[in-house]
Amino acid sequence: MMSVLVIWSLVLLNLGVNGLTTHNASTRPAYVNVGAIFTFDSTIGKVAKVAIEQAVKDVNENPTVLPGTTLQMDMRSSNCSGFLGMLGALQFMERDTVAIVGPQSSVVAHIISHVVNELQVPLLSFAATDPTLTNLQFPYFVRTTQSDLHQMTAVAEIVDYYGWRDVIAIFIDDDYGRNGVLALDDTLAAKRCRISSKVGIPPGSEYGRSEIMDILVKIALMESRVIVLHVYPDMGFLVFSVAQYLGMMGDGYVWIATDWLSSYLDSNIPYPSDKMENMQGVVALRQHTPDSLKKRELVSKWRKLTSVGLNSYGLYAYDTVWIVAHALEAFFSQGGVISFSNDSRLSSGGLEDLHLDALNIFDGGKMLLDNIWASDFVGLSGRVKFGSDRNLVNPVYGIINIIGTGFRTVGYWSNGTGLSTLTPEDLQLNRSNASQQLHSVIWPGEIVTKPRGWVFPNNGKLLKIAVPLRVGFKEFVSQLPGSNMSKGFCIDVFVAAVNLLPYAVPYQFVPYGNGKDNPSYTDLVKLIAAGVFDGAVGDIAITTNRTRIVDFTQPYAASGLVVVAPFKKMNTGAWAFLRPFSPTLWAVTAAFFLVVGTVVWILEHRINDEFRGSPKSQIITILWFSFSTLFFAHRENTASTLGRIVLLMWLFVVLIINSSYTASLTSILTVQQLSSPIKGIESLKKSNDRIGYQVGSFAERYLVDEIGIPDSRLVALGTPDAYADALIKGSKNGGVAAIVDERPYIKLFLSNQCKFRVVGREFTKSGWGFAFPRDSPLAVDLSTAILSLSENGDLQRIHDKWLIRSGCSTDNSELESDRLHLSSFWGLFLICSIVCFFAIFVYFCQVFRRFRNVARATTEPDGSASRSRRLQTLISIIDEKKEPRDRDKKRQKVEKDSEIGNDSEQG
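The sections below set out a description of the structure shown in this document.

What counts, and at which threshold
Residues numbered from 1 in each chain as written. Predicted model: local features only at pLDDT ≥ 70, side-chain atom pairs only at ≥ 80, totals over all residues. Heavy atoms only, no water. 1 Å grid on protein atoms, 1.4 Å probe; cavity = no way out; pocket = protein on both sides within 12 Å on 5 of 7 lines; lining within 4 Å. Points joined across faces, edges and corners; volume = space filled by probe spheres on them. Nonpolar A, V, L, I, M, F, W, Y, C, P; charged D, E, K, R; others polar. Salt bridge = Lys/Arg side-chain N within 4 Å of Asp/Glu carboxyl O. Phe/Tyr/Trp six-rings, centres within 6.5 Å; stacked < 30°, edge-to-face > 60°. Helix = DSSP H or I, 4+ residues; strand = E, 2+ residues; numbered from the N terminus. Buried < 20%, exposed > 50% of the residue type's maximum accessible area, 1.4 Å probe, protein only. Lys NZ or Arg CZ within 6 Å of the ring centre and 35° of its normal. Contact = heavy atoms within 4.5 Å. Axes fitted to C-alpha atoms, helices over the stretch in contact; angles between N-to-C directions. Parallel < 35°, antiparallel > 145°, perpendicular 65-115°, else oblique. Left-handed = near helix turned anticlockwise from the far one by under 90°. Core = buried A, V, L, I, M, F, W, Y, C linked by side-chain atoms within 4.5 Å. Pairing = 2+ DSSP bridges.

**Observations concerning empty space enclosed by the protein**
Taking a probe equal in size to a water molecule and rolling it over the atoms shows the remaining empty space.
Then comes step 1: By the definition in use, this model includes one cavity of 30 Å³ or more.
Then comes step 2: Considered as a void within the structure, the largest cavity measures approximately 60 Å³ in volume.
Then comes step 3: Around the largest cavity, the lining is made up of 14 residues, and of these Tyr521, Gly696, Ser697, Glu742 and Tyr745 lie nearest the centre.
Then comes step 4: Considering only residue class, the lining of the largest cavity consists of six nonpolar, four polar and four charged.

Structure follows, in structure tokens:
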């Protein structure tokens, strides 16, 4: 072989070819050399060897693929050694190999990729799952199986589906394990989850049972109980055995194994009972391949070929051979030729002694590689097609649960449908059933309820819970004198919520603040993020900036910024009864009373005796009739049709006016009307008045940053008494015009301060919650407990215990506003009294005038003339006292009596 290369080199040099020489040109050769390198005695290698041999046989027997050309497969074992794998690849290059199938190990694939890059030979691996192998550094590496990037995405979605946030990763510390866990870390971070601890195990046989036990004992002391195992089968079964011995396969633990476990189980049927006993409740991933006729045919042949079970890697190895065959067929169809060249760089630069000149560069390697990337056919593993990321499209994993002596499938994952109980093939037929769900899982310890996934570390450490030392509003949180114990509304809510948790929470309250001023809650939150405190309990508002660095529980109290200012009541006044109508409406209404009375008089006085009489009496009749209609108390009857139409329409108008007046007056007198020069935050912003806020509250920065109020207008206040004093003084006297603070504080402040009220609307919406570090599972569990407190009424009872006060509470204020006082009506009574006194005065004046007239009449001398005057005086008095309809009868009677008296005198 070496002599042939030398001869060909001399010939080509004589032809003037410099640096590179070519030989063995042929359009369709009789045979094509393809190499295969993997570990024969491994779980995957045993299956792959049989699958590759069967695939080569099927390719050579198929007349439609590579007609007239035989595919020759040269297989070598690397024994999981990168060095032996590299040597095997170099040996293939001495035999004019056009492609290499394998290796199964990601470690070996990394090494061989450097060789194939140099010699331009495609390397097709059916089992190297390291995601970093597909980067641009290795252009001639082709992964014909699924990448661990997809597998770790499936693991991350399982973790997120069950609501876990922290996991522990145990991995083999080589390219396969290390890069797989890095991919898991990235996918978990996208779900707001994380790997709390990474535990690497050195590859090889150096680690034994005692070393694994040391690792698991440390893990047992950690917080997380969700463990992802990404190792090789031998090491994985050792980990499960030690975990079973330590009691870590019991209640509360979650074990997730990558597809190494399912591949082993598929290849070893019946399943080994000793290993199955140590894995009860384990969840594992399994590469899913759709059912097909070709797959069933291979399975039927497989049972005759070997006793080893067929796993998914065997199917991918089978399809890899067909990828090479289809690519070669396309290569030849495009006019490609199998030719190799010597690289002069390998025999220069002091490398002559290594005899590297025997290594050949495949001239058509780039063309063959392009045909491999263009593969698109249906194989045993499903559709064989490469995406833009140089990975197979449509990755699918089954999710299995180890139970008893076997396992069952609880769901599937694909990059298109996510988690589902249906296979992607079924989802395409029935997309309405697509849902992010899994079947029930039997977890370690034979429990069906989802494990919490974490516990408090078993190291005796107490959680340091910060409690702010408040100066004012101590009903919310305060410290008991002479101790580190705390009390208040917030403390009682926290203790009640912790008592509802299904596990014990060891904690201690740590006071935060100097005790002289309210501490800054923003600084307290930053200390939690820095790890100084494990949490904080108090009246801590949930704001956007704070949620960026810590996690809050479900709000246990509603909050929001409001404006409180002095006020005066508007429903107290002597002339409150005039407020329902505007002056214009009063004038128009009075004018219409006169107009309607006049119109009715015009229509009635000719035909209706009740609208007749002296001018004075008719004017009085018009006024009385029109104004008496206001109370529907008019006694005059209307005789004309037109008069009745006018009266009917006017009575309808009076009904509407009367009803509107009654409703408006009722509202004015019963609903408390408040008056304040400040109408809300907008009017406060436009003014130049000073504004008060509570020390330590986020209200200061909100007013400055969001509302745009200058710092010079803000006044820091600490206690309710300081609130009241500043509001009473006012902005011009060294106080404040209004105070901006959170609603719970203001409600407590107003419970005994009746001179102030909330003006305007609440201009922020937030709540109070307990703060914990990011991704703390305690925040989630306490949120559930707070919801339970709210549903069973305990939260309201705690609120009433600490925050309900007598005095000027909201309920008492509403009750007081429903009561009416004399001050609201004395003007009305004054008018009524004036009218009454005026009527009495006029009445007595008339009586006095009558008596004076009678007395004057009786003192005049007798005579017919004088008698006649007396009669006229009596008649006028009678006319003034009697109703108009009786005046004629009375007048006739008096005149008759007068005639009888005259006759008797004459007689």
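**Comments concerning the pattern of salt bridges**
Then comes step 1: Applying the stated criterion across every chain yields a total of 22 salt bridges.
Then comes step 2: Among the salt bridges present, the one from Arg76 reaches Asp74, with a minimum N-O distance of 3.4 Å.
Then comes step 3: One network of salt bridges, with partners in common, ties together Asp74, Arg76 and Arg95.

**Regarding the packing of aromatic side chains**
Then comes step 1: Counted by the stated rule, this structure contains 33 aromatic pairs.
Then comes step 2: With centroids separated by 4.7 Å and ring planes inclined at 65°, the aromatic side chains of Phe237 and Tyr264 adopt a geometry described as edge-to-face. With a gap of 27 residues between them, Phe237 in helix H8 (residues 233-245) and Tyr264 in helix H9 (residues 260-267) connect regions that are remote in the sequence. You'll find Phe237 and Tyr264 in the same group, each marked buried.
Then comes step 3: By way of ring pairs, the aromatic residues Phe473, Phe476, Tyr723, Tyr745, Phe749, Phe756 and Trp768 are connected into one cluster.
Then comes step 4: Over the face of the ring belonging to Phe237 we find Lys275, whose NZ or CZ atom lies 5.3 Å from the ring centre.

**Observations concerning the layout of surface pockets**
Then comes step 1: Its volume calculated, the second largest pocket comes out at about 910 Å³.
Then comes step 2: Along the walls of the second largest pocket sit 35 residues, with Ser42, Cys80, Gln104, Tyr232 and Pro233 positioned nearest its centre.
Then comes step 3: Where the lining of the second largest pocket is concerned, the elements lending two or more residues are helix H2 (43-61), helix H4 (106-119), helix H5 (148-161), H8 and H9.
Then comes step 4: By residue number, the principal contributor to the lining of the second largest pocket is H9, which donates four residues.
Then comes step 5: Looking at the lining of the second largest pocket residue by residue, the class counts come to 16 nonpolar, 13 polar and six charged.

**Some thoughts on the side chain of Asp58**
Then comes step 1: Its location among the elements puts Asp58 in helix H2.
Then comes step 2: When sequence neighbours within four positions are dropped, the list of residues in contact with Asp58 reads Lys301, Tyr318 and Trp322.

**Things to note about the packing of helix H7 (residues 209-220) against H8**
Then comes step 1: Taken N-terminus to C-terminus, the directions of H7 and H8 make an angle of 60°; their axes are 9 Å apart at the nearest point. When the interaxial angle is binned, H7 and H8 end up oblique. Of the two elements, H7 crosses H8, and the hand of that crossing is right-handed. Within the contact between the two elements, H7 uses Arg209, Ile212, Met213 and Leu216 and H8 uses Met235, Leu238, Val239, Ser241, Val242, Ala243 and Tyr245.
Then comes step 2: Class assignment of the residues belonging to the contact of H7 with H8 gives a composition of nine nonpolar, one polar and one charged.

**Notes on the nonpolar core**
Then comes step 1: Within the largest apolar cluster, 85 residues are counted, with the highest numbers of intra-cluster contacts made by Phe476, Phe489, Tyr556, Val563 and Leu778.
Then comes step 2: For this core, the element with the most residues is helix H15 (residues 489-500), which contributes eight residues.
Then comes step 3: Contact partners of Leu778, with chain neighbours within four places excluded, come to Trp454, Phe456, Leu463, Leu501, Tyr503, Val505 and Phe772.
Then comes step 4: Counting residues in hydrophobic clusters, the runner-up holds 71 residues, among them Ala89, Val116, Leu359 and Val384.

**So, the sheet that holds strand S29 (residues 691-694)**
Then comes step 1: If you walk across this open sheet you meet the five strands as S30-S29-S31-S26-S32, and the pairing is mixed. Strands at the two margins of the open sheet, each flanked by one partner only, are strand S30 (714-717) and strand S32 (756-759). The mean inter-strand angle of the sheet, taken between neighbouring strand axes irrespective of direction, is 35°.
Then comes step 2: Taken together, the four bridges between strand S26 (residues 561-566) and strand S31 (residues 738-742) define a ladder with antiparallel strand orientation.

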